[in-house]
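Structure at a glance
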Number of protein chains: 2
Amino acid sequence: MTENDAVLAANLAFYRAFAERDFAAMEQLWAKTVPVACTHPGWAPLTDRDDIMESWRAILANPDSPRPACHEEEVFLWGEVALVICAEELPGNRLTASNLFVKEDGAWRLVHHHAGPVFMRQETAQRRPPKARLN
Amino acid sequence: MTENDAVLAANLAFYRAFAERDFAAMEQLWAKTVPVACTHPGWAPLTDRDDIMESWRAILANPDSPRPACHEEEVFLWGEVALVICAEELPGNRLTASNLFVKEDGAWRLVHHHAGPVFMRQETAQRRPPKARLN
């Protein structure tokens, strides 16, 4: 398996844990020996591992929480750090996520997740850069 | 200067170029020898350096583009890769940003910028983790 494939597998495991509301799997995916952060859509960033785990526990315990499907992954590798940019597809909605991983004990583990809404379609965004940022 | 300070300085230089609408400075801040990505608020990710520069050129050329101030920076260091999480303060609005840097030719250069809206106040987010993600 290439490093690229290993990172993609870690990213898919994150969305599997999310969709299956499997908190134990989710907890395993996050790095333990280095600092971590998480920016849920619309939320201020969480920068404490316990707060992040508590947020996921609450999200995954909620029967109404979304079950996102992950599409259009792109992997960026810089040595022992990797970024996956991907679309999170939900019924009637679309988010974009940046998921950052580091190699920890030989495995790619999450150190940062930042997801937010997409108001403009990908094709439009790629063809026509914004005249101004949406703020 | 510690690595932490050097990363903070690079992050401040990004917001200075943004606020002063200085495209030449902005272009210099982005890594040239490794892949880069940029997720403007509400937009699908841009993953081509030329597209990213074109987006910044259009944003900075617009006299109505925002002049964000950067607050509450937190630096995360993993070897030659660093993340800054910070608040982007705008008149009547608040965004959260994740800015990723790599060491290139001895300088910290941007490889990814992801900014998005904050709908909930920091204090609330830190105290009460979400019951469900906002989607």
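Residues numbered from 1 in each chain as written. Chains lettered and ligands numbered in written order. Predicted model: local features only at pLDDT ≥ 70, side-chain atom pairs only at ≥ 80, totals over all residues. Heavy atoms only, no water.

1. So, the sheet that holds strand β4 (residues 93-104) of chain A
All names here are of chain A.
- Ordered by their spatial adjacency, five strands build an open sheet running β1-β5-β4-β3-β2, and the pairing between neighbours is mixed. Strands with a single pairing partner mark the edges of an open sheet, and in this sheet they are β1 (37-39) and β2 (69-78). Strand-to-strand twist of the sheet, defined as the mean angle between neighbouring strand axes without regard to direction, takes the value 20°.
- As judged from the eight bridges shared by β2 and strand β3 (residues 81-90), these two strands associate in the antiparallel manner. (Pairing = 2+ DSSP bridges. Helix = DSSP H or I, 4+ residues; strand = E, 2+ residues; numbered from the N terminus. Axes fitted to C-alpha atoms, helices over the stretch in contact; angles between N-to-C directions.)

2. Some remarks on the sheet that holds strand β3 (residues 81-90) of chain B
Residues and elements named next belong to chain B.
- Read from one edge to the other, the open sheet built from five strands follows the order β1-β5-β4-β3-β2, with strand pairing classed as mixed. In this open sheet, the two strands that pair with only one neighbour each are β1 (37-39) and β2 (69-78). The average angle at which neighbouring strand axes cross in this sheet is 20°, direction not considered.
- Packing of helix α1 (residues 3-19) onto the sheet brings it into contact with β2, β3, β4 (93-104) and β5 (107-117), and relative to β2 it is tilted by some 140°. (Contact = heavy atoms within 4.5 Å.)

3. Side note on helix α3 (residues 49-61) of chain A
All names here are of chain A.
- For α3, with 13 residues, the first-to-last C-alpha span of 18 Å sits near the 18 Å given by 1.5 Å per residue.
- Burial in α3 covers these residues: Arg49, Ile52, Met53, Ser55, Trp56, Ala58, Ile59 and Leu60.
- On the buried face of α3, the contacting elements are α1 (3-19), α2 (23-29), β1 and β5 (107-117). (Expected span 1.5 Å × (residues − 1). Buried < 20%, exposed > 50% of the residue type's maximum accessible area, 1.4 Å probe, protein only.)

4. Here we look at α1 of chain B
Residue and element names in this part refer to chain B.
- Between its terminal C-alpha atoms α1 stretches 24 Å, which fits the 24 Å expected from 17 residues at 1.5 Å a residue.
- Taken together, the buried positions of α1 are occupied by Ala6, Val7, Ala10, Asn11, Ala13, Phe14, Tyr15, Ala17, Phe18 and Ala19.
- Residues of α1 that are buried sit in contact with α2 (23-29), α3 (49-61), β2, β3, β4 and β5.
- Following α1 by one or two positions, Arg21 adopts a phi angle in the positive range, close to 50°.

5. Considerations on the side chain of Asn11 of chain A
All names here are of chain A.
- Its place among the elements puts Asn11 in helix α1.
- Within the local environment of Asn11, its side chain forms a polar contact with the side chain of Asn99, the two groups lying 2.8 Å apart.
- Those residues in contact with Asn11 that lie beyond four places of it in its chain are Cys70, Glu73, Val84, Cys86, Asn99 and Phe101. (Polar contact = N/O pair within 3.5 Å; in protein donor to acceptor, adjacent residues only side chain to side chain.)

6. A short note on the nonpolar core
- Core analysis: the biggest nonpolar cluster contains 79 residues, and Trp30 and Trp56 of chain A together with Trp30 and Trp56 of chain B have the highest contact counts within it.
- When residues in this core are grouped by element, the largest group, eight residues, is from α1 of chain B.
- Not counting residues within four places of it along the chain, the set of residues in contact with Trp30 of chain A comprises Val36, Ala37, Cys38, Arg49, Ile52, Met53, Trp56, Arg109, Leu110, Val111, His112 and His113 of chain A. (Core = buried A, V, L, I, M, F, W, Y, C linked by side-chain atoms within 4.5 Å.)

7. Here's the deal with the confidence of the model for chain A
All names here are of chain A.
- In this model, chain A carries an average pLDDT of 90, and 89% of its residues clear a pLDDT of 70 or more.
- Contacts for the low-pLDDT stretch residues 122-132, under 50 throughout, to residues beyond four places or in other chains number 25 contacts.
- Prediction confidence for the complex, expressed as pTM and ipTM, is 0.89 and 0.88 respectively. (pLDDT = per-residue confidence, 0-100.)

8. A word on the environment of Ala97 of chain B
- Structurally, Ala97 of chain B can be placed in strand β4.
- Looking at Ala97 of chain B, the relative accessible area reads 0%, which means it is buried.
- Sequence-wise, Ala97 of chain B and Gly116 of chain B are 19 residues apart; in three dimensions their C-alpha atoms are separated by 6.5 Å.
- For Ala97 of chain B, the residues in contact, after removing those within four places along its chain, are His114 of chain A together with Tyr15, Val84, Ile85, Cys86, Glu88, His113, His114 and Ala115 of chain B.

9. Here we look at the environment of Pro68 of chain B
All names here are of chain B.
- Take Pro68: it is sitting in the loop between α3 and β2.
- By relative accessible area, which is 4% here, Pro68 ends up buried.
- Spatially, the C-alpha atoms of Pro68 and Glu88 are 5.6 Å apart, while their sequence positions differ by 20 residues.

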